[in-house]
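The primary structure of each chain is shown beneath.
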Number of protein chains: 2
Amino acid sequence: MAQEQVVTPWEVSGSGAIDYDKLISQFGCEKLEQRLIDRVVKLTGKRAHTFLRRGVFFAHRDFEKVLDSYEKGEKFYLYTGRGPSSEALHLGHLIPFMFTKYLQDAFKVPLVIQLTDDEKCMWKNLSVEETKRLARENAKDIIACGFDISRTFIFSDFQYVGRGFYENMISIAKSVTFNQVKGIFGFDGESHIGKIFFPAVQAAPSFPTSFPHLFGTKSKIKCLIPCAIDQDPYFRMTRDVAPRLGYQKPALIESRFFPALQGESGKMSASDTNSAIYVKDTQKEIKKKIANYALSGGGDTKELQRKNGANLKVDIPFKYLTFFLDDDEELERIRDEYGSGRMLTGEIKNILSDVLWKMVEQHQQARLAVTEEMVDAFMAPREMPFMFEK
Amino acid sequence: MAQEQVVTPWEVSGSGAIDYDKLISQFGCEKLEQRLIDRVVKLTGKRAHTFLRRGVFFAHRDFEKVLDSYEKGEKFYLYTGRGPSSEALHLGHLIPFMFTKYLQDAFKVPLVIQLTDDEKCMWKNLSVEETKRLARENAKDIIACGFDISRTFIFSDFQYVGRGFYENMISIAKSVTFNQVKGIFGFDGESHIGKIFFPAVQAAPSFPTSFPHLFGTKSKIKCLIPCAIDQDPYFRMTRDVAPRLGYQKPALIESRFFPALQGESGKMSASDTNSAIYVKDTQKEIKKKIANYALSGGGDTKELQRKNGANLKVDIPFKYLTFFLDDDEELERIRDEYGSGRMLTGEIKNILSDVLWKMVEQHQQARLAVTEEMVDAFMAPREMPFMFEK
């Protein structure tokens, strides 16, 4: 019997590939339909991002309402984040940030990025000092994604908690019972009280008054959260609470998981360095990992591949290209050539290595340019007078 | 059958008077013995406070260790607090502050005072704004008790949470499970997650790194907490956690409850204004409340009182005098006169009215002199370079 698929913020498991349609109905979110993508293009005057064209971001909650009100001239802000459990970011970690950068540039809106060092201190049993250090290191990789400093506030919970943010944490916490978080997150009596409280910490940035320096103390501006679908439980909870506190429900736009090199049955794992391409990998390492570990759907021999073509449904090099090869025509060409057997496994792996190295090299160069002063600047709770200007 | 006595931070109940000896063994704290009081006198060169001489502060945890290390020249700091649920403070609320002021003056040590506006926002379902306002109003009454601004930092959780304080909250929270707080505080599945987390908020000021501006980021200085015995569960939990986080266990010195005018079976109630003398009461109100509501142990008629004398075990005017009449000889004279029947109920009630009015009048005058600027000054997270100087 197939093992039931489990998707929580801490666990993604099941037998075989994730059934995303099932997840949509299980979580109660909505499918991101083409007409919404078309509206984004119309409203922003920009080409739809690769992740929209290829269905990487595939689900949402109230995204249409955000577009409706944006069309009427109403502002919104973006909120995304990362749990800094490790210094080593892999490509899967970059996906929400790459997409959020696109949204920020396209809609010209402010963005807050939460680094949940408190969460990782509690879940991973890391010291406070170590998680603070990791948060800062991760901030550098995030900044390297190209965010606009005049519209972006990056904060770590340990560094920023206080005032409006803490007031919202408490207001949310008093609206959610233990039984509710038990149902949503699977906590039990042996869970520590920090874990039990934490959903309020991740929920709070969904409300603009958590950032009085940005939005003042009375703002009810809408919030849009780009994130991977496993974060949905936090924001389902947040959306339940919002009206009781007089806030708008945050909207969500949610992505699939980026598959491990070994195949599509979960997220990449930071603990198995051969399961993922890291942003610090060298060109040689990337080539080698793809050559040795990327699950191929191609024929077992050259002859079989020529004869039968590749099974694109399981082929990781092709899947990775759907995420990161922006050129639609080139992707179609590869689909044809490789699917039909005219292209060999070694060839598509070479193409992928080049695409990824180009991206990683650019990231590494941007990362090198990020100074400590820039980190301080992005993380300073400051007013941003131009954050809504075009 | 006698109803079992229940003492938690939110409930004090039972049939008849609290059995304090039973509470000591139930909670596992120690009796405050005369030899410890003698040591305090010897170490500080000051007369023992009324509350020590009369057994108002009657229990402790590790108080002797604090004295041992103080004798060797080791420093400690004081931590006490209040939950700002109401603007109206009664005499019972002043007791820990009057005693803490004495300790601060006698030992010349720094003091932190926590106003748990977050707690009251959650428990009493008050708005964030209202509890912040109450915290500030209560701070004025606390300042009016005469604390030394060069050694006293008053903070509200909503105002102060952040940095070292929040880091300690999280470190504590990750060391305590739901089952543990369920056992200690009686929480259940319907308790909201803010309540469940709150013990970590009240525990954190027991560790000096919650106040980096005062003690730096590495201090392990001892903490002594003067409080009413109902707060013991919080600090029992804190003491369990402390060694795991590399801190010293906080020491405690704990008081009885100040009885209601109607008699000794619990604390005074802020919701029944006739159960207590408030710091804002007029002389006339005080006289009237004592005349009409103070449970008397005197004879039902003048003749019976003359004949049998008063039952001092239940007599509230006499009990109140043991708290607030500093003159030992005068108290003994009243004990003799009233106990034997030579003094009438009306007379002891007049004496008490005078004693309390003198105290309340002085408080009111001091309170009038507290400006908003003084509140700001006491509540500013600032360095206190002279806090340990004699």
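Keep in mind that this is a model prediction, so the values were computed, not measured.

**Examining the overall build of chain A**
The number of helices and strands found in chain A is 19 helices and 9 strands. Its C-alpha atoms give chain A a radius of gyration of 21 Å, within 12% of the compact-globule value 21 Å for 390 residues. Principal-axis analysis of the C-alpha atoms places the extent of chain A at approximately 65 × 50 × 40 Å. Carbon together with sulfur atoms contributes 49% to the accessible area of chain A, which is approximately 15,900 Å² in total.

**Thoughts on the relation of the copies chain A and chain B**
It takes a turn of 180° to lay chain A on chain B, together with a shift of 0.0 Å along the axis; the resulting RMSD is 0.0 Å. Taken together, the turn and the small shift mark the pair as related by a two-fold rotation axis. Residue A:Gly162 of chain A places its C-alpha closer to the rotation axis than any other residue of that unit, at 2.5 Å. Both copies contact each other with a shared surface, as 100% of the interface residues of chain A are interface residues in chain B too.

**Remarks on empty space enclosed by the protein**
All names here are of chain B. This model, assessed by the stated rule, comprises 1 cavity of 30 Å³ or more. Put simply, the largest cavity is a space of about 30 Å³. Lining the largest cavity are Ser206, Phe207, Pro208, Lys220, Ile221, Lys222, Cys223, Gln248, Lys249 and Pro250. Among the residues forming the lining of the largest cavity, the class breakdown is 5 nonpolar, 2 polar and 3 charged.

**Things to note about the interface of chain A and chain B**
Facing the 37 residues of chain A at the interface are 37 residues of chain B. For the chain A and chain B pair, buried surface summed over both sides reaches about 3,100 Å², with 64% attributable to carbon and sulfur atoms. On the surface where chain A and chain B come into contact, there are 2 salt bridges. Put simply, A:Lys132 and B:Glu167 hold a salt bridge, and the shortest N to O gap is 2.8 Å. Taken together, the connections running from chain A to chain B amount to 26 residue pairs in polar contact (both at pLDDT 80 or more).

**Re helix α10 (residues 178-185) of chain B**
Taken residue by residue, α10(B) has B:Phe178, B:Val181 and B:Phe185 as its buried positions. Viewed end-on, α10(B) has its buried residues packed into an arc of 65°, placing them on one side of the element. Elements that come into contact with the buried residues of α10(B) comprise α10 (178-185) and α11 (193-203) of chain A together with α11 (193-203) and α13 (232-241) of chain B.

**Notes on the packing of α10(A) against helix α13 (residues 232-241) of chain A**
All names here are of chain A. Here α10 crosses α13 at 145°, and the two axes come no closer than 10 Å. Where α10 crosses over α13, the two elements pack in a sense that is right-handed. Note on element contacts: α13 touches α10 through Pro233, Tyr234 and Met237, opposite Val181, Ile184 and Phe185. Tallied by class, the residues present in the contact of α10 with α13 amount to 6 nonpolar, no polar and no charged.

**Details of the side chain of A:Asp62**
Residues and elements named next belong to chain A. Residue placement: Asp62 occurs in the loop between β4 (57-61) and α4 (63-71). The buried category is assigned to Asp62, whose relative accessible area is 17%. Among residues more than four places away in sequence, those in contact with Asp62 are Glu30, Arg239 and Ala251.

**Focus on the sheet that holds strand β5 (residues 76-82) of chain B**
Residue and element names in this part refer to chain B. An order of β3-β4-β9-β8-β5-β6-β7 is seen for the 7 strands of this open sheet, with the pairing classed as mixed. Two strands in the sheet have a free side with no partner beyond their single neighbour: β3 (30-31) and β7 (152-156). Here β5 runs beside strand β8 (residues 222-228); their pairing, made up of 3 bridges, is parallel. When the sheet's bridge partners are listed, Leu78 is paired in β8 with Leu224. The strands touched by helix α19 (residues 372-379) are β6 (111-115) and β7; relative to β7, the strand with the most contacts, the crossing angle is about 95°.

**Concerning the sheet that holds strand β5 (residues 76-82) of chain A**
Residues and elements named next belong to chain A. Strand order in this open sheet of 7 strands is β3-β4-β9-β8-β5-β6-β7, and the pairing throughout is mixed. On the outer flanks of this sheet lie β3 (30-31) and β7 (152-156), each paired with one strand and no other. Two strands pair when backbone bridges link them, and strand β6 (residues 111-115) and β7 are joined in this way by 5 bridges, in the parallel orientation. Following the sheet pairing, Leu115 is matched in β7 by Ser156.

**Some details on the pattern of salt bridges**
Residue and element names in this part refer to chain B. Using the criterion set out here, one finds 66 salt bridges over all chains in the structure. Lys140 is paired through a salt bridge with Glu372; the nearest N and O atoms lie 2.6 Å apart. Within this pair, whereas Lys140 is found in helix α7 (residues 128-143), its partner Glu372 is found in helix α19, the two being separated by 232 residues in sequence. Classification of Lys140 by relative accessible area gives buried; the value is 7%. With relative accessibility at 36%, the residue Glu372 sits in the partly exposed group.

Parameters at a glance
- Residues numbered from 1 in each chain as written.
- Chains lettered and ligands numbered in written order.
- Predicted model: local features only at pLDDT ≥ 70, side-chain atom pairs only at ≥ 80, totals over all residues.
- Heavy atoms only, no water.
- Helix = DSSP H or I, 4+ residues; strand = E, 2+ residues; numbered from the N terminus.
- Rg over C-alpha atoms; globule rule 2.2 N^0.38 Å.
- Areas by Shrake-Rupley, 256 points an atom, 1.4 Å probe, with all protein chains shown as cover.
- Least-squares fit on C-alpha atoms with pLDDT ≥ 70 in both.
- Contact = heavy atoms within 4.5 Å.
- 1 Å grid on protein atoms, 1.4 Å probe; cavity = no way out; pocket = protein on both sides within 12 Å on 5 of 7 lines; lining within 4 Å.
- Points joined across faces, edges and corners; volume = space filled by probe spheres on them.
- Nonpolar A, V, L, I, M, F, W, Y, C, P; charged D, E, K, R; others polar.
- Buried area = accessible area lost by both parts, 1.4 Å probe.
- Salt bridge = Lys/Arg side-chain N within 4 Å of Asp/Glu carboxyl O.
- Polar contact = N/O pair within 3.5 Å; in protein donor to acceptor, adjacent residues only side chain to side chain.
- Buried < 20%, exposed > 50% of the residue type's maximum accessible area, 1.4 Å probe, protein only.
- Arc of directions from axis to C-beta.
- Axes fitted to C-alpha atoms, helices over the stretch in contact; angles between N-to-C directions.
- Left-handed = near helix turned anticlockwise from the far one by under 90°.
- Pairing = 2+ DSSP bridges.

Just geometry here; none of it tells us what the structure is for.
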